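Here is what each chain is made of, one letter per residue.
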Amino acid sequence: LRELVNLVLGIEEQIDDPWKANRLVWSMLDVLPKLITTEEAAPLKEWLRQRSSSPGQLNKDEWQLASSIADAFDDYALYRTDEITEWVRSSGKHSPKSDDLNTGFSWQPLLMRLLYERIDCDPFGLQVKHAIQRLKNSISPAKKLPDQLNFFGISSLAPVQVELIQALSGVMNIKIFLLTPCRDLWHRCETRRGRLGENWNT
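If you're wondering where the values come from, they're calculated on a predicted model, not measured in any experiment.

J.: So what exactly am I meant to see when it comes to the overall build of the protein here?
T.: Across its full length, the protein holds 10 helices and two strands. When the elements of the protein are put in sequence order from the N terminus, they spell out α-α-α-α-α-α-α-α-β-α-β-α. For the protein, contacts bridging at least 24 residues in sequence account for 75% of all contacts bridging at least 6. Summed over all atoms, the accessible surface of the protein reaches about 12,900 Å², with 50% contributed by carbon and sulfur.

The following block contains the structure:
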């Protein structure tokens, strides 16, 4: 899907995505000192104050904090794309989405904007949104797409990935192959449903 988004938008393929958690942690560590000077980041500042034995120097606790936040933001890029979009587009401190956050987490939009200013490309989730919009507006992909896309044994997808597949289905043939149980298991399922009665699925 990442390769297809690159083709739709005409983006050169990146070997190392700077928004992936293992790379984002370094940018996180760079902007953290600026973040903790803000009023919203008081909980983080206090957390670091209680644990930091060497202020101004990278330590294990600061690394673990940045790593945990990077993991969360990596997930946000796929599962909270609307919030991320609003956070990076909002020039002020507050937005409707950030106002919904508990007070202890109001530093997250600020951190996302600091990261967005530092990193010179959109997170993958935002790129997906741009690709979906382009396809929905009947704008031709920037580069030629394959004629067909096959999926095998998918167990779950993020909502934005489902939206992307739906948008791609308008310009290419998509086949989804699902794993199915053997005939014996189907029979046992049918027998079990029979025992449970008509309301087996409630």
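That was the structure; now back to the text.
J.: Help me understand unusual backbone geometry, please; the structure alone is not making it clear to me.
T.: Negative phi characterises most residues that are not glycine, and trans characterises most peptide bonds. With a phi close to 60°, S138 is a non-glycine residue in the positive phi region. Checked against the element boundaries, S138 lands in the loop between α8 (124–136) and β1 (148–152).

J.: Looking at this structure, I do not really get the pattern of salt bridges. What am I missing?
T.: For the coordinates displayed, the defined rule picks out seven salt bridges. Between R2 and D17 there is a salt bridge; the shortest N-O distance is 2.9 Å. One end of the pair, R2, is in helix α1 (residues 2–9); the other, D17, is in the loop between α1 and α2 (21–35), and 15 residues separate them in sequence. Residue classification places R2 among the partly exposed positions, given a relative accessible area of 31%.

J.: Help me out: how do you make sense of the packing of α2 against helix α4 (residues 60–79) in this one?
T.: Interhelical geometry of α2 versus α4 gives an angle of 125° and a closest axis separation of 8 Å. When the axes of α2 and α4 are compared, the pair comes out oblique. The two elements α2 and α4 meet at a crossing, and its hand is right-handed. Contacts from A21, L24, V25, W26, M28, L29 and L32 in α2 reach E62, W63, L65, A66, S67, I69, A70, D71, F73 and D74 in α4.

Here is what the cut-offs are and how they apply
Residues numbered from 1 in each chain as written. Predicted model: local features only at pLDDT ≥ 70, side-chain atom pairs only at ≥ 80, totals over all residues. Heavy atoms only, no water. Helix = DSSP H or I, 4+ residues; strand = E, 2+ residues; numbered from the N terminus. Contact = heavy atoms within 4.5 Å. Areas by Shrake-Rupley, 256 points an atom, 1.4 Å probe, with all protein chains shown as cover. Salt bridge = Lys/Arg side-chain N within 4 Å of Asp/Glu carboxyl O. Buried < 20%, exposed > 50% of the residue type's maximum accessible area, 1.4 Å probe, protein only. Axes fitted to C-alpha atoms, helices over the stretch in contact; angles between N-to-C directions. Parallel < 35°, antiparallel > 145°, perpendicular 65-115°, else oblique. Left-handed = near helix turned anticlockwise from the far one by under 90°.

Shape descriptors only; they carry no functional weight alone.
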